[in-house]
Amino acid sequence: MQDKDTETFYELSSERFHDWLAAAGQPSYRAQQVFEWAYQHAAASFDEMTNLPKQLRATLAEHFTIGPLQSTYIAHSSETEKHLVRLRDGSQVECVSIQMKGAPTFCLSTQVGCAVACVVCASGVDGFDRNLSAGEIIQQAITLQTATESPGNIVFMGVGEPLFNFRNVLTAIERFTDK
């Protein structure tokens, strides 16, 4: 389980991380390097970021956690890989990689539980607990990317009603589509 005293890197906007780097006395180009490792290479730790100075990697690790979520259960079929993942607070949600032509589609959860409780869906059986943060939504994609490959598409149809968590879903979309 990740250290609760550190912040998840995926919660940081580009602007906020640039500000953090500036306060740490680092050049602004370091942000692009870290974001590339975090999002394109799905780095499991800051130690993997070998083009960064060792001291910066250590400082980043003191302040932030990075990498995939812990998968507590994985189910495979010929076209899907389903992960039950544990969040920092111990809650669990599901994310799925669906094999499509070319690249997988990632199906991400947006809430712990669901208040809608549609009769055709098991997401609301235990009721609604909370919305996921943008970082938790992003970290599901990082988890699947680490286990499979980069997605061709991302959909929000796992646990929860995405439009009931509009702000965090929109933030996650903005980060997924940011160069």
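How each quantity is defined
- Residues numbered from 1 in each chain as written.
- Predicted model: local features only at pLDDT ≥ 70, side-chain atom pairs only at ≥ 80, totals over all residues.
- Heavy atoms only, no water.
- Helix = DSSP H or I, 4+ residues; strand = E, 2+ residues; numbered from the N terminus.
- Contact = heavy atoms within 4.5 Å.
- Buried < 20%, exposed > 50% of the residue type's maximum accessible area, 1.4 Å probe, protein only.
- Arc of directions from axis to C-beta.

**Re the environment of Asp 129**
- By secondary structure assignment, the location of Asp 129 is in strand S8 (residues 128–131).
- Residues Asp 129 and Val 112, spaced 17 residues apart in sequence, show a C-alpha to C-alpha distance of 5.4 Å.
- Residues contacting Asp 129, with those up to four places away along its chain left out, are Ser 91, Val 112 and Gly 113.

**With respect to unusual backbone geometry**
- Within the chain, Ala 42 stands out as a residue other than glycine whose phi angle is a positive 50°.
- Within the fold, Ala 42 resides in the loop between helix H2 (29–40) and helix H3 (54–63).
- In this structure, Ala 117 is a non-glycine residue whose phi angle is positive, near 55°.
- As for its placement among the helices and strands, Ala 117 is situated in the loop between strand S7 (111–113) and S8.
- A relative accessible area of 42% places Ala 117 in the partly exposed class.

**A look at H3**
- What H3 keeps buried is the set Leu 56, Arg 57, Thr 59 and Leu 60. The buried residues of H3 occupy an angular sector of 165° when projected down its axis, which confines them to one face. Of the residues in H3, the exposed ones pointing more than 90 degrees away from the buried face are Lys 54, Gln 55 and Glu 62.
- Against helix H1 (14–23), H2 and strand S2 (64–65) lie the buried residues of H3.

**Focus: the environment of Lys 179**
- Inspection of the secondary structure puts Lys 179 in the segment after helix H5 (166–177).
- Once the C-alpha coordinates of Lys 179 and Val 96 are considered, the two residues, 83 residues apart in sequence, prove to be 24 Å apart.
- Setting aside residues up to four positions removed in sequence, Lys 179 forms contacts with Gln 32 and Gln 40.

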